[in-house]
Every structure is written in structure tokens, then in C-alpha cells.
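Residue strings, one per chain:
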Amino acid sequence: MIRRAITLLSLLGLLAICTQALGNPYDQAMRQVRTLSESPHVRLLPFGNSYSGRPIAAFVMSDFSVDSRGKTRVMICAGQHGDEYDAVRSILDYCLNLANEPHPAILSKCIFIVIPMVNPDGIAASKRTNAIGKDINRDWTAFTTGEARYVHRIVRMWRPQLLIDQHQWNEPSSTPGNSIEVAGCETDTRRLAMTDLAIDVERLGKLSVVRCHRYSSESLFHRHYSAIGYAAYLVETAQGESYAARNDIYESTITTLVEAVCMNKSLCNVLSPASASFDDSSVGAYTIRTPEDGSSATSTLYGAIMLVIGCIAMVWLMRPFARSGGESWSHRFTRCAVAPGVCVDPLSLKRLPQPITSRSWVNKRLRTRYVAASNSKTDHATEDHNDSPLHIPWS
Ligand SMILES: [Zn+2]
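Residues numbered from 1 in each chain as written. Predicted model: local features only at pLDDT ≥ 70, side-chain atom pairs only at ≥ 80, totals over all residues. Heavy atoms only, no water.

Considerations on the overall build of the protein chain
Then step 1. If you tally the helices and strands in the protein chain, you get 15 helices and 10 strands.
Then step 2. Scored against the burial criterion, the 395 residues of the protein chain give a buried share of 45%.
Then step 3. When contacts within the protein chain are restricted to residue pairs at least 6 apart in sequence, long-range pairs at least 24 apart make up 75% of them.
Then step 4. Here the protein chain has roughly 20700 Å² of accessible surface; of this, 58% comes from carbon and sulfur atoms. (Helix = DSSP H or I, 4+ residues; strand = E, 2+ residues; numbered from the N terminus. Buried < 20%, exposed > 50% of the residue type's maximum accessible area, 1.4 Å probe, protein only. Contact = heavy atoms within 4.5 Å. Areas by Shrake-Rupley, 256 points an atom, 1.4 Å probe, with all protein chains shown as cover.)

With respect to the packing of aromatic side chains
Then step 1. Counted according to the given criterion, the structure contains seven aromatic pairs.
Then step 2. An aromatic cluster is defined as three or more aromatic residues linked by ring pairs; in this entry it consists of W140, F143, F221, Y225 and Y230.
Then step 3. Its end group placed over the ring of Y26, R54 keeps NZ or CZ at 5.9 Å from the ring centre.
Then step 4. Across from the ring centre of F278, 3.6 Å away, lies the NZ or CZ of R73, which sits over that ring. (Phe/Tyr/Trp six-rings, centres within 6.5 Å; stacked < 30°, edge-to-face > 60°. Lys NZ or Arg CZ within 6 Å of the ring centre and 35° of its normal.)

Digging into the pairing of strand β9 (residues 208–211)
Then step 1. Two strands pair when backbone bridges link them, and strand β8 (residues 179–182) and β9 are joined in this way by four bridges, in the parallel orientation. By the bridge assignment for β9, I180 is matched with V209.
Then step 2. Regarding the hand of the β-α-β motif, the stretch spanning β8, helix α7 (residues 188–202) and β9 is right-handed. (Pairing = 2+ DSSP bridges. Right-handed = clockwise from strand over helix to strand, strands pointing away.)

As for unusual backbone geometry
Then step 1. Not every positive phi belongs to a glycine, and S126 is a case in point at roughly 50°.
Then step 2. Looking at S126, the relative accessible area reads 46%, which means it is partly exposed.
Then step 3. One non-glycine residue, F143, lies in positive phi territory at about 55°.

Points about the layout of surface pockets
Then step 1. Space inside the largest pocket adds up to approximately 330 Å³.
Then step 2. Lining the largest pocket are 20 residues, and of these R138, W169, L220, L234 and E236 sit closest to its centre.
Then step 3. Elements supplying a minimum of two residues to the lining of the largest pocket: β8 and β10 (232–236). (1 Å grid on protein atoms, 1.4 Å probe; cavity = no way out; pocket = protein on both sides within 12 Å on 5 of 7 lines; lining within 4 Å. Points joined across faces, edges and corners; volume = space filled by probe spheres on them.)

Describing the side chain of S62
Then step 1. When you line up the elements, S62 lands in the loop between β4 (59–61) and β5 (72–78).
Then step 2. Engagement of the side chain of S62 in a polar contact is seen with the backbone oxygen of C110, the distance being 3.0 Å.
Then step 3. The residues contacting S62, other than those within four sequence positions of it, are H41, K71, L107, C110 and I111. (Polar contact = N/O pair within 3.5 Å; in protein donor to acceptor, adjacent residues only side chain to side chain.)

Some remarks on helix α2 (residues 25–37)
Then step 1. Taking 1.5 Å as the rise per residue, α2 with 13 residues should run 18 Å; its terminal C-alpha atoms sit 18 Å apart, in good agreement.
Then step 2. Taken residue by residue, α2 has Y26, A29, M30, Q32, V33 and L36 as its buried positions. Angular distribution of buried residues about the axis of α2 spans 155°; they occupy a single face of the element.
Then step 3. Residues of α2 that are buried make contact with β1 (42–44), β3 (55–56), β4, α3 (85–99) and α5 (120–125).
Then step 4. The opening residue of α2 is N24, an N-cap whose side-chain oxygen sits 2.9 Å from the backbone nitrogen of Y26. (Expected span 1.5 Å × (residues − 1). Arc of directions from axis to C-beta.)

Here we look at the nonpolar core
Then step 1. Within the largest apolar cluster, 57 residues are counted, with the highest numbers of intra-cluster contacts made by L36, M61, F112, L162, I180, Y233 and V258.
Then step 2. Those residues in contact with I180, other than ones at most four positions away along the chain, are A198, V201, L207, S208, V209, V210, Y233, L234, V235, T253 and L257.
Then step 3. Judged by nonpolar contacts, the second largest core, of 30 residues, contains I115, Y150, Y230 and F278. (Core = buried A, V, L, I, M, F, W, Y, C linked by side-chain atoms within 4.5 Å.)

Regarding the pattern of salt bridges
Then step 1. Scanning all chains against the criterion turns up 11 salt bridges.
Then step 2. Two residues, D248 and K206, come together in a salt bridge whose shortest N-O distance is 3.2 Å. Here the residue D248 occupies a position in helix α9 (residues 243–263), and K206 occupies one in the loop between α7 and β9, the gap between them amounting to 42 residues.
Then step 3. In this structure D248 comes out as partly exposed when scored by relative accessible area, which is 37%.
Then step 4. Each of E84, R128 and D135 takes part in salt bridges that share partners, so that together they form one network. (Salt bridge = Lys/Arg side-chain N within 4 Å of Asp/Glu carboxyl O.)

Section: the environment of I123
Then step 1. Within the fold, I123 resides in helix α5.
Then step 2. Residue classification places I123 among the buried residues on the basis of a relative accessible area of 1%.
Then step 3. For the pair I123 and Q80, spaced 43 residues apart in the sequence, the C-alpha separation amounts to 8.6 Å.
Then step 4. Setting aside its immediate chain neighbours within four residues, I123 contacts P25, Y26, G79, G82, Y85, V88 and M117.

Here is the structure:
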């Protein structure tokens, strides 16, 4: 009996430790944002702040080796409701998949502006509203929440030609659960174009088009931006769907919409007249072109030069072995300044109390391999640094 109780307590303790290590959904998602930030396709935007001070992550994603002028700007938001984590997870997974491809075709044609968690406090607490009980997706006319105001600044900065807001039902819905909603528009021409594009998505057979009444409340994100001239859609997934099914719906919707607007530039003008006033220079710092790796003549020449230098260095380093027949390690590391005469065998350096003080490249390498690796205090300091909150350029 006692043994069982101890085992149960141990398991509970282990579970608690694992939960602590993983953190809440917000922390998990931020770790993915950090991973994404290391991709050459991703550039972080200045983060916002939630009511409780949590960073609202935002980034742009594109193939920056391709000139950004003329690319279609697509904004994707998720996590306005903190209890809709599948929508957040899906957009981050979508971006991570693109980040792992060298030159994804879709990124050569468009720039994604992604805000995966509009409501960080809600996501951290797995609740619909923000920290003070405000439903952010009912705040797009009054703009009482800092979260909505931050997103609005990003919209005005980038003036996207397509906006997609991802949600999910956690309870039964009166409308089709898997749906794309077309909001009201000021002209029939535009409304028809918006509906036709949504029908293209419906043809995939995964969701239904829901037509919003012309006079429906504009306090929802997609209705507000549709009313002021942007092509904004709401994508919902039904209660009880698996993550795989939801992810499939979100991704296929993004792909279909983006392909359509990228292929037909004149369609963008009809769908999103508000995007016409976009000023390239206001986002120049984020879209500046980078040279494509390995494709230019300059980089090929540089690679050839480095190869020749490497070969010469290799031959020069192998000279002692040629003379002595490779008799021991000591010949290669004779120049080490680790108490010469005491020990020059690199395999035993980690047991030596004397610090390595020489600045030769050989010793730098040895410090890394044999000394730093055994210094647990240094390792912890490095981990702490890596786990510090992301740098926020401005809020
Ligand atoms: Zn929602």
C-alpha cells in the first residue's frame, strides 16, 4: 500500500515537473516563434504588449532573396480567443514547414505578415477573453484593448491585400462549423468578388461559405476590415474536429486564397482597394533583399578560393605526420600553451587544473571541446541566457 502511494506520488511529481518544463500554451508557442526567428525566411516585427505585459509576437515571412516589390501581402491572425489554440498551433506549424524549405514557391510570390497570438493573456490562461475579460474579437470598432490597437497599427503599416483570421468552435454552432465567412462590403462588385473567392475555397469540399448580412456588427476583425476596404475573411473550424482535420482546413484555405490573389493582381485591386495606399518605403527595413546563397558568381568564386586555402592548410598541418609517421597526438598539438612539458595530449586536457591561456586557434578549439564542456556552471549560464524573454525592439 505504502509502496503504491509512493509510486503514485512520484508519478504525480514527475508529471508536475514535465508540465512546468513545457510551460503554458503561450510559452510553447513563443518557443516556436523563437525557432522561426532563426529562419532566413523570417523577420521579426516589433512586438506588442498584452494587458499583462506579455509580448504579442509578430513576424513577416517571405523569400527575401527575391525582390519584395510586387509581392502580395497576406496577413494571418490567430488566437484572438485564447481557448482556440488549434488555430494558433496550425499557423505556427504552417510557418515552420515553410521555414524548413530552401525556397518555397509561395514565399517567392508573397509576404506573410503573421500575428499568431493576438491575445497572449487569454492563451496563457486558456480562456476566450483577454486579462480584463474583454473579447478582442468584439473590439474592432471601439478599439478599447491594447491588443486590437497593436494589430491595427500593423495593418496600417502593411496594408495587406488579403487578411485571414483563424478561429475554431468549442461549442455547437448554428452556422456550418467548418466555414469561411464573407463579410459585408460597400459595393456589390466587391462583395461578389469576395464571395467568388470564398466559393473557390468551398470547392475543396472542406468547408462552407457563410454570407454575412450587410448590416451585421462590424466589431469583429474581418467585418471591420472588410467594411473599410480590405479583403478580410474569417475561417472557422467545427467543434470536435481533430487537430489534423482543422490544420488541413486552415492550410488549404490559406493556399487557395493566396494562389488566387497572387495569380490575378487586378483581383487585388477589386478585393482590397484600401491596400492601394501602401507605401513600400515604410516597411523597407523588413523587406530588403538578401543575396541568394551560392547562386551568384561572387559566392562561387569565394567558395573556390576558400577550398584552395583549406587544401593548402591541410597539407601544411599534415607535415609533422609525414615526417614522423603519425606517431602520436603530441606532434599535432605541440604548440599548445597548456603547461608544455606537463601534458600535450588533448584527450587529458579536461583533467588539467591549469587554464588554457594561449590565443592560438588550436587552443580555442581545445577550450571548446575539452574545458568548456566539462564546466557545468558555464553551461547553465548559457541556458539561462537562451531562455530569457525575446528582445522586444519597441512596443
Ligand atoms: Zn474565436
